[in-house]
Amino acid sequence: MLQEGAHGKWTVSSSDESTEENSDSEKPSTSALLSATPGKASGPQYPCSEARKAAHKRKASPVKFSDKNLAPETPPAEKQRATQEGLGWCLSSSDEEPEDREKSAPQKRLKEEKCDAPEELPPNHSKDEHSGNHKAEDYNEAPSEAQDTWDLLDGGNPFRFFLTKVTGIEQSYNSGALHIKDILSPLFGTLVSSAQFNYCIDVEWLVRQYPQEFRKKPLLIVHGEKRESKAELLAQARPFENISFCQAKLDIAFGTHHTKMMLLLYEEGLRVVIHTSNLIADDWHQKTQGIWLSPLYPRLPQGKAGSAGESETNFKSDLLSYLMAYNAPTLKEWVDVIQEHDLSETRVYLLGSTPGRYQGIDKEKWGHLRLRKLLKEHASSVPAQESWPVVGQFSSIGSMGADESKWLCSEFQESLVAAGSRATTLLKCDVPVHLVYPTVNNVRQSLEGYPAGGSLPYSIQTAQKQLWLHTYFHKWSAEVSGRSHAMPHIKTYMRPSPDFKKIAWFLVTSANLSKAAWGALEKNGTQLMIRSYELGVLFLPSAFGLDKGYFRVRGKTLSEGNDSATSFPVPFDLPPERYGSKDQPWIWNIPYTDAPDTHGNMWVPS
């Protein structure tokens, strides 16, 4: 059906018109699995969203931009820099608008390439770097050098906040970054057993990320799949006798098990990893992702289990409460393991969401009211507080309502601006709100090209209902971490100073900008309803011994006063740049055919 609106003309299939308003468009799809025929996969062999399915299809069957007079976007000569492995190049920052190109471009035609057609790559874009699924899987088959990994663990990063490695960027920007193979490396501990909590899981790929000697150790996978997609997940694991499953209960419609956490039990102790990546190759290849890696937690002396080994941030009891919220017998073993370890060295606060309707004191246990409570109790009131903006950065967006007063600038903003014991009620956006979400050009010019948009599942159905929201949007730019062209799947929220040189707090989480993830008040504010499981960690200056009430923001150069103990490594550029008049937010389920991406392709999602 042809439609027209603020984003131009597009065709939407009837199956795309029923996006549930309260979801953030990341519902798993089983159709990819059901339509797959043995021997020839038509989609990913693991449950995933419709948007990722479209990206998978376009990588396997690209739609070429056929006009020979308009070459695919390629980097200017002075920007091309080979990395140490011969990987990668720096993309042009050119933002020539598709409509500007259209005026001068002759007529062009679409043609769908067959899977076996020779690949046409932009100049200087090596075959090895082309980011098809098979290449993503091949990336970083060996973990980092032992010395590099040891340096990471040996106090070089007091915040224990890391980014994932990215193929195709300058190697210096991968220094201090982690691949999943690094996290599971024997250098981090001698593995006894592990638990992986996640949303989208490729079991065979996951097993290959463990070192050979750990691949038969007990592995528990905590997931939210149901019916056909659950059957497929279990079928993937049949060859692996060491794998067991825990299905998270999702009793409220349109909820997901979106949490991304690893529990790693070693002979030497326990480690907790809270991160933003799905357990699939693409998420560890050319995206910007975040990781919090706990210290190695030692086992408590015999007879000291339980409330012993608590941190000043209450992390141990909060983690136990989160696990017990699953009400799953298979997690009892991990509850016992955590109780037996000393988590007192933890400096972050745990911030989770679990599905349910909460009243009374339970209302402040989860979601945005949990953030509000933590900020009131542990964050300092900053001077001229109303001028300190809030920044939210995410990869998916749910329905926000008819205007900002319905949720964004009422209950959600009230939680983000809480600080000290002073409660404020804001009925409009008195505090500036900056929302960072990639533009169409951000995606087009990315390392992955348009298929990067498969991980940014904002739908036209949701976007059309909330055009007001787009006035808050800012572009993705991450020169500070060398990741401007690695599209973000990380989710971060923070409270910077007016000059963006300080932040009062920083949160990295699985939670996108949606009521399903953060919760929405019901019954005249007496009840908080949350649909999904989410997990993140909150960094507050007081927990790191800083009495000024803020972290400095780490700059790109050494001259910017980058004391690693007090300056926080915000992974993207501050201040964020507001959308220009021609910028549009990336919407996954409409075509983009006016200009080619970095692989010479267009985006035709269906």
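These numbers come from a predicted model, not from an experiment. (Residues numbered from 1 in each chain as written. Predicted model: local features only at pLDDT ≥ 70, side-chain atom pairs only at ≥ 80, totals over all residues. Heavy atoms only, no water.)

Details of the sheet that holds strand β23 (residues 520-522)
(1) Moving on: Taking strand neighbours across the sheet as the criterion, the three strands line up as β16-β24-β23 in an open arrangement whose pairing is antiparallel. Looking along the sheet, the strands with just one partner apiece sit at the ends: β16 (356-359) and β23. Each strand axis lies, on average, 30 degrees off the axis of its neighbour in the sheet, ignoring direction.
(2) Moving on: Inspection of the sheet shows β16 paired to strand β24 (residues 527-530) by four bridges, in the antiparallel sense. In the strand pairing of β24, G356 is matched with I530. (Pairing = 2+ DSSP bridges. Helix = DSSP H or I, 4+ residues; strand = E, 2+ residues; numbered from the N terminus. Axes fitted to C-alpha atoms, helices over the stretch in contact; angles between N-to-C directions.)

Regarding unusual backbone geometry
(1) Moving on: Omega for the bond connecting L574 with P575 falls within 30 degrees of zero, at -10 degrees, which places this linkage in the cis form.
(2) Moving on: Inspection of the secondary structure puts P575 in the loop between β27 (567-568) and β28 (601-602).
(3) Moving on: Unusually for a residue other than glycine, K523 sits at a positive phi of about 50 degrees.
(4) Moving on: The topology assignment puts K523 in the loop between β23 and β24.
(5) Moving on: Look at N524: it is not a glycine, yet its phi comes out positive at around 60 degrees.

What to know about the pattern of salt bridges
Side chains that differ in charge, positive against negative, can pair when their charged atoms come close.
(1) Moving on: Taken as a whole and assessed by the stated rule, the structure comprises 15 salt bridges.
(2) Moving on: Residues D403 and K406 are paired through a salt bridge, measuring 3.3 Å at the closest nitrogen-oxygen approach.
(3) Moving on: Several salt bridges converge on common partners, so that one network encompasses K59, D282, K287 and E448. (Salt bridge = Lys/Arg side-chain N within 4 Å of Asp/Glu carboxyl O.)

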